[in-house]
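A closer look at the structure
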Amino acid sequence: MGRLKQKGKAGAAKAYVTRSSAVKKLQCSLADFRRLCILKGIFPREPKHKKRANKGSTAPTSFYYAKDIAYLAHEPVLNKLREHKAFAKKISRALGRGEWSTAKNLEENKPIYRLDHIVKERYPSFIDAVRDIDDALCMIFLFASLPSNPRVSPALIENCARLAAEWQLYVMHTRSLRKVFLSIKGVYYQAEVMDQIVTWLVPYQFPQNIPSDVDVRVMLTFLELYQTLLGFVFFKLYTDAGLVYPPPLDSDKDESGAGVGAFNLRPANPNTTTGGQKSDASKVSSKEVRQTIRKITAESSSAPPADIDFNQTDSFAEGAEEEFVPQASKSDFDVTSSLPTLLSLSSLPKSSSTNILAPYTFWLSRESSRSIFEFLVRSFGGRIGWPVSSGGGSPFTEDDESITHVIIDRPVAKAPEETIQERERRRRRKYVQPQWVVDCINAGKILLEDLYAQGRTLPPHLSPFGERDGAYDPTVGLADVGNTLVDDAEVSEDSQEGDVEMGSELEESATSMTALEVAAVDDPEALRAAELAAEAAGVDYGAFEKEVQKKQKQQKQQKQNQETVADGEGEDDMNKMLMSKRKRQLYERMKYGERKRATEHAKLEEKRINIEKDRRRKARTT
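Note that the structure is predicted; figures quoted are calculated from it, not measured. (Residues numbered from 1 in each chain as written. Predicted model: local features only at pLDDT ≥ 70, side-chain atom pairs only at ≥ 80, totals over all residues. Heavy atoms only, no water.)

**Concerning the overall build of the chain**
On a plain count of helices and strands, the chain comes out with 24 helices and nine strands. For the chain, buried positions account for 29% of its 622 residues. When contacts within the chain are restricted to residue pairs at least 6 apart in sequence, long-range pairs at least 24 apart make up 62% of them. Entry remark: accessible area of the chain is about 41,500 Å², with carbon and sulfur atoms responsible for 53%. (Helix = DSSP H or I, 4+ residues; strand = E, 2+ residues; numbered from the N terminus. Buried < 20%, exposed > 50% of the residue type's maximum accessible area, 1.4 Å probe, protein only. Contact = heavy atoms within 4.5 Å. Areas by Shrake-Rupley, 256 points an atom, 1.4 Å probe, with all protein chains shown as cover.)

Set out below in structure tokens:
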């Protein structure tokens, strides 16, 4: 007889655990459970059959894998949280009794947990950590711009600002920045670090506030993990680049508002590693040396096999330091193999686009953001200075003769009486708006400064990141929009809505009436009435026939499009019938998004055409 199955002992009921059961099993509070799940990367799961997983109950609840909860039960941080709970009870009792010395001893021995082992568990390799620092950088830069309050301590904000500055220093030193986008939310940056694309968002320097409906405890738990992660990553990046980590901070420059310039990048001392090797070598005893000599002598006395080449084995041991030797192809002896190796790839010259600003020296006007453009210009090899009102640490002053560009973001105003020297200096320099720097970086080349001159209307600033196919691009078609923008339609505003255009010689009233009558060309009586109305209005018969033929073609095309759409909808309906409910809902959401994007695209295209019409009308009148 087979073994009887008991209800709730197998299947989904055993594989999943509700949140209340998990909290009861771990014997911790709900807040500590959330903190553990965030630190360990455990999140709720969606069982296929909720009723079975909840042992027959249909009450809404969150489910977790039972294996994940068992994994949490052995977490060292959980024991530290329990110790902290006992510590809180002891110190509150001591303060209530007035035992100040006991409370002081308890505070000095406060339990503290570390997250180093969690970072090593979640990111086994360094590349995994670099690939996952996007959210960490966004959180760091966000908290670096927040004001301090009882929930966010000043020391936490200071540490986040230090980590943000260390990341910017590394990107500037290695010239890793690739793309920039100025958006409403903030500035999006994209860098290439260890062949991994890293994208992060930096808010603008406006006064920030923390909304009351935001749970700061959850964000602080994430921040706690991210600070530890970035500490590991930055140490490795700085060490590989041959720099000292953490970079020393000049307190005088920091107090003067130097920002990133207050940190000094110093190369690591190469003698430290050799000294460590010498100290290790001095610890080797003479007995170990004699044993090693006897072992080598015994191995050399034995005759080696004839099929082993010791020179070849030595070359294998040193293969990591040798270059790849191309071998001839077996099929074509004239062609040699050209496989790239790590050594050959590292020796390739870097792209010249990372140094596009190297020949130029910039002066930043006081209304432009210094933190943004100092980072951009220095990341691409340029030199930049700023006035004292923007902070200290500027490498040169405004009257420096090497300045080639001035980044200015205010309208043109009548300048006071200038001296001959100031007028000559203004003539040599090029005054550009801040968008010019960003567009040059995204284009990978120096653009013309005339389009970005002070007071000019700027060209559209487009996102340099990978957009979807068919996304709206305002630059497409603007250069070659010839006379195809319906020059005759400027006579009537109704032509913007797709109505029939009769010609420039017709009056507006007759044109609108005739277009209204021609709308039903399939009806002979309506067509005859429209013909009589056009004749009474003095419209030429040839022009009227042309409009009728044009309208017939449009209606024929519309019918064909409707039939195509109907056939496609019928096929889509058949395909939807074969889908599951979840996949059908997902498909409908995708289609809704496509229709919404198409509508937005059509509105933007219509707006662009109207703007182009107004521009041409003004050009003709002038």
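**Regarding the side chain of Q227**
Its location among the elements puts Q227 in helix α12 (residues 216-240). Sequence-distant contacts of Q227, defined by excluding residues within four places in its chain, comprise I140, L156, N159, C160 and L163.

**A few points about the environment of K253**
Within the fold, K253 resides in helix α13 (residues 251-255). Once the C-alpha coordinates of K253 and G391 are considered, the two residues, 138 residues apart in sequence, prove to be 9.4 Å apart. Every residue in contact with K253, bar those within four places of it in the chain, is listed here: A258, G261, A262 and N264.

**Section: the packing of aromatic side chains**
This structure, assessed with the given rule, holds 15 aromatic pairs. Relative to F234, the ring of W167 has its centre 5.8 Å away and its plane inclined at 20°; by these criteria the two rings are stacked. Of this pair, W167 sits in helix α11 (residues 154-174) while F234 sits in helix α12, and the two are 67 residues apart along the sequence. A residue is classified by how much of its surface remains accessible, and F234, at 1% relative accessible area, is buried. Through a chain of ring-to-ring contacts, three or more aromatic side chains come together here, namely W167, Y170, Y189, W200, F234, F235, Y238, Y245 and F375. (Phe/Tyr/Trp six-rings, centres within 6.5 Å; stacked < 30°, edge-to-face > 60°.)

**So, the side chain of E166**
Locating E166 in the fold gives a position in helix α11. Ignoring any residue separated from it by four or fewer positions in sequence, one finds E166 in contact with F234, Y238, Y245, P246 and P247.

**Considerations on the sheet that holds strand β6 (residues 361-364)**
What the four strands build is an open sheet, ordered β7-β6-β8-β9; its pairing is parallel. Among the strands making up the open sheet, the edge pair consists of β7 (383-385) and β9 (430-432). Across the sheet, the mean angle separating the axes of adjacent strands is 25° when strand polarity is ignored. As judged from the three bridges shared by β6 and β7, these two strands associate in the parallel manner. From the neighbouring strand, F362 faces β7, where its bridge partner is I384. Seen against the sheet, helix α18 (residues 370-379) touches β6, β7 and β8 (405-407) and runs at an angle of roughly 160° to β7. (Pairing = 2+ DSSP bridges. Axes fitted to C-alpha atoms, helices over the stretch in contact; angles between N-to-C directions.)

**What about the confidence of the model for the chain?**
Across the chain, the average pLDDT comes to 78, with 75% of residues at 70 or higher. Throughout residues 272-282 the model reports pLDDT below 50, and contacts reaching past four residues in sequence, or to other chains, amount to zero contacts. In this model, residues 479-519 is a region of pLDDT below 50 whose contacts with residues beyond four sequence positions or in other chains number 52 contacts. (pLDDT = per-residue confidence, 0-100.)

**Section: the pairing of strand β4 (residues 187-193)**
Within β4, five of the seven residues are buried, which leaves the element mostly enclosed by the surrounding structure. Counted between consecutive antiparallel strands, the loop separating strand β3 (residues 177-182) from β4 contains four residues. Examined bridge by bridge, β4 and strand β5 (residues 196-202) share seven bridges and lie antiparallel to one another. Each bridged residue has a counterpart across the sheet, and for A191 the counterpart in β5 is V198. Here β4 hands over to β5 after two residues, with M194 in that stretch at a positive phi of 55°.

**Examining the pattern of salt bridges**
What the rule picks out here adds up to 21 salt bridges. Among the salt bridges present, the one from K80 reaches E83, with a minimum N-O distance of 3.8 Å. Of this pair, K80 and E83 both sit in helix α6 (residues 76-97), separated by three residues, roughly a single helical turn. Owing to a relative accessible area of 31%, K80 belongs among the partly exposed residues under this scheme. Here E166 makes a salt bridge to R162, at a shortest N to O gap of 2.6 Å. Here E166 pairs with R162, and both are found in helix α11, just four residues apart, close to one helical turn. Several salt bridges share partner residues, and in doing so they unite K40, E75 and E121 into one network. (Salt bridge = Lys/Arg side-chain N within 4 Å of Asp/Glu carboxyl O.)

**Observations regarding the sheet that holds β4**
Sheet strands line up and pair through hydrogen bonds in the backbone, either parallel or antiparallel. The strand order across the open sheet built from three strands is β3-β4-β5, with neighbouring strands paired in antiparallel fashion. Since the sheet does not close on itself, it has two edges, and those belong to β3 and β5, each with one partner. When the angles between neighbouring strand axes are averaged without regard to direction, this sheet yields 15°. Along the sheet, α11 contacts β3, β4 and β5; its crossing angle with β5, the most-contacted strand, is approximately 130°.

**What to know about the environment of N105**
Mapped onto the secondary structure, N105 falls in helix α7 (residues 100-108). Through-space distance from the C-alpha of N105 to that of I91 is 9.4 Å; in sequence the pair is 14 residues apart.

**Looking at α18**
Within α18, eight of the 10 residues are buried, which leaves it mostly tucked inside the rest of the structure. When we look at burial in α18, the residues that qualify are R370, I372, F373, E374, F375, L376, V377 and S379. Two residues or fewer after α18 comes G381, characterised by a positive phi angle close to 90°.

**Description of helix α24 (residues 581-621)**
Here α24 spans 60 Å end to end across 41 residues, near enough to the 60 Å set by a 1.5 Å rise per residue. Burial in α24 covers these residues: Y587, G593, R608, E612, K613 and R616. (Expected span 1.5 Å × (residues − 1).)

**Looking at the packing of α11 against α12**
Two elements in contact, α11 and α12, have axes whose closest approach is 11 Å; the angle formed by their N-to-C orientations is 35°. Two packed elements cross with a definite hand, and for α11 against α12 that hand is left-handed. Between α11 and α12, the contacting residues are L156, N159, C160, L163, E166, W167, L169 and Y170 on the first element and L220, L223, Q227, F234, L237 and Y238 on the second. (Left-handed = near helix turned anticlockwise from the far one by under 90°.)

**Quick look at a positive patch on the surface**
A cluster of basic residues, K85, K89, K90, R93 and R97, forms a positive patch at the surface. Secondary-structure assignment places K90 in helix α6. The class for K90 is partly exposed, based on a relative accessible area of 47%. (Patch = residues over 30% accessible without salt bridge, like charges linked within 9 Å, V, L, I, M, F, W, Y side chains within 5 Å. Lys, Arg positive; Asp, Glu negative; His and termini not counted. Charge placed at Lys NZ, Arg CZ, Asp CG, Glu CD.)

**Details of unusual backbone geometry**
Note the cis peptide between Y245 and P246, where omega equals -5°. By the element assignment, P246 lies in the loop between α12 and α13. Positive phi, normally seen in glycine, also occurs at M194, with a value near 55°. Mapped onto the elements of the fold, M194 is located in the loop between β4 and β5. Phi at D195 takes a positive value of approximately 60°, unusual for a residue other than glycine. Assignment of secondary structure puts D195 in the loop between β4 and β5.

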